[in-house]
Amino acid sequence: MTTPQSTISGNRRVRFVGAALAAVAVVLLSACTPPTGPTTPGQTYKEGRCAADEGVTVVVDFSPLQDRVVVRCALGGQPSGTAALAAVNLPVDPGPITGGVCKIDGLPTQGYPFCWTTGGYWSYWKAAAAGAPWSYSTVGAAANAIPAGAVEGWRFAAFSAGTAVPPRVGTSGPIVP
């Protein structure tokens, strides 16, 4: 026969076991849920294009200097195009022009005066959103803030090639030159 005392103890045990199982379930579910933001404190970018308003997609087409295209997502809006390059871990050497871009990720290796005066320059392209066409920027990369959702593009324009052309990768779609 059960006494009121043993029923109370049994109810406490049931509640305790129930609470313990709920806590274990929360821990297990949180371990299986992918992170929603940067996975590393201080992370400023991820490989590939940004999703919606996740950040600024940065496309750097190194041709004709190298046959390589880098596409990365600078997380969040960016204070400028040069800041977006820095955020995606592509160092910029401005050369002698304040706010300019002479080298991106060490290219062209010749540096100044090859860039700007004898060899060419980094042409700067913009798109307000993924899927929009590339538009040649008429202002320098240090001039304006870049909102999340925008796409920034760079391609070296050799003076010998004539007119600057946009990156070989579009503002959306496959990342294949």
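Residues numbered from 1 in each chain as written. Predicted model: local features only at pLDDT ≥ 70, side-chain atom pairs only at ≥ 80, totals over all residues. Heavy atoms only, no water.

Structural notes on the confidence of the model for the chain
With 77% of its residues at a pLDDT of at least 70, the chain reaches an overall mean of 82. Low confidence marks residues 11-38, where pLDDT is under 50. Its contacts with residues over four positions away, or in another chain, come to two contacts. (pLDDT = per-residue confidence, 0-100. Contact = heavy atoms within 4.5 Å.)

Considerations on the sheet that holds strand 3 (residues 69-75)
If you walk across this open sheet you meet the six strands as 1-3-2-8-6-7, and the pairing is mixed. Strand pairing shows two members of the sheet lacking a second neighbour, strand 1 (45-47) and strand 7 (135-136), which therefore form its edges. (Pairing = 2+ DSSP bridges. Helix = DSSP H or I, 4+ residues; strand = E, 2+ residues; numbered from the N terminus.)

Here we look at the side chain of Ser 137
By the secondary structure assignment, Ser 137 is in the loop between strand 7 and strand 8 (151-158). Residue contacts for Ser 137: discarding those within four places in its chain leaves Tyr 124, Trp 125 and Lys 126.

Some words on the packing of aromatic side chains
Given two aromatic rings, their pairing is described by the distance between the two centres and the angle made by the two planes. Scanning the model with the defined rule gives six aromatic pairs in all. Here the aromatic rings of Phe 62 and Trp 122 are separated by 5.8 Å at their centres, their planes lie at 85°, and the arrangement is edge-to-face. Placement of Phe 62 in the loop between strand 2 (55-61) and strand 3 and of Trp 122 in strand 6 (residues 120-127) is noted, with a sequence separation of 60 residues between them. In this structure, Phe 62 and Trp 122 share a single accessibility class: buried. With centroids separated by 5.1 Å and ring planes inclined at 80°, the aromatic side chains of Trp 125 and Tyr 136 adopt a geometry described as edge-to-face. On the criterion of sequence distance, the pair formed by Trp 125 in strand 6 and Tyr 136 in strand 7 is long-range, its members being 11 residues apart. (Phe/Tyr/Trp six-rings, centres within 6.5 Å; stacked < 30°, edge-to-face > 60°. Buried < 20%, exposed > 50% of the residue type's maximum accessible area, 1.4 Å probe, protein only.)

Structural notes on the nonpolar core
Counting residues in each nonpolar core, the largest one holds 21 residues, and the members touching the most others are Val 58, Val 60, Ile 104, Trp 122 and Trp 154. Where this core is concerned, the elements lending two or more residues are strand 2, strand 3, helix 2 (81-87), strand 6 and strand 8. With residues up to four places along the chain from it excluded, the contact list for Trp 154 reads Val 59, Val 60, Asp 61, Gly 81, Leu 85, Val 101, Ile 104, Trp 122, Ser 123, Tyr 124, Ala 141 and Pro 167. Val 59, Trp 134, Val 151 and Ala 164 belong to the second largest nonpolar core, which has 10 residues in total. (Core = buried A, V, L, I, M, F, W, Y, C linked by side-chain atoms within 4.5 Å.)

Let's talk about the pairing of strand 2
A large share of strand 2 lies buried, amounting to seven of its seven residues. As defined by bridge partners, strand 2 adjoins strand 8 across five bridges and the pair is classed as parallel. For Thr 57, the partnering residue across the bridge sits in strand 8 and is Val 151.

Focus on unusual backbone geometry
Cis peptide bonds are those with omega within 30 degrees of zero, and the linkage from Leu 107 to Pro 108 qualifies with 0°. With respect to the helices, strands and loops of the structure, Pro 108 is situated in the loop between strand 5 (103-104) and strand 6. For the bond from Tyr 112 to Pro 113, the omega torsion is 10°, close enough to zero to count as cis. With respect to the element layout, Pro 113 can be found in the loop between strand 5 and strand 6. Look at Ala 52: it is not a glycine, yet its phi comes out positive at around 40°.

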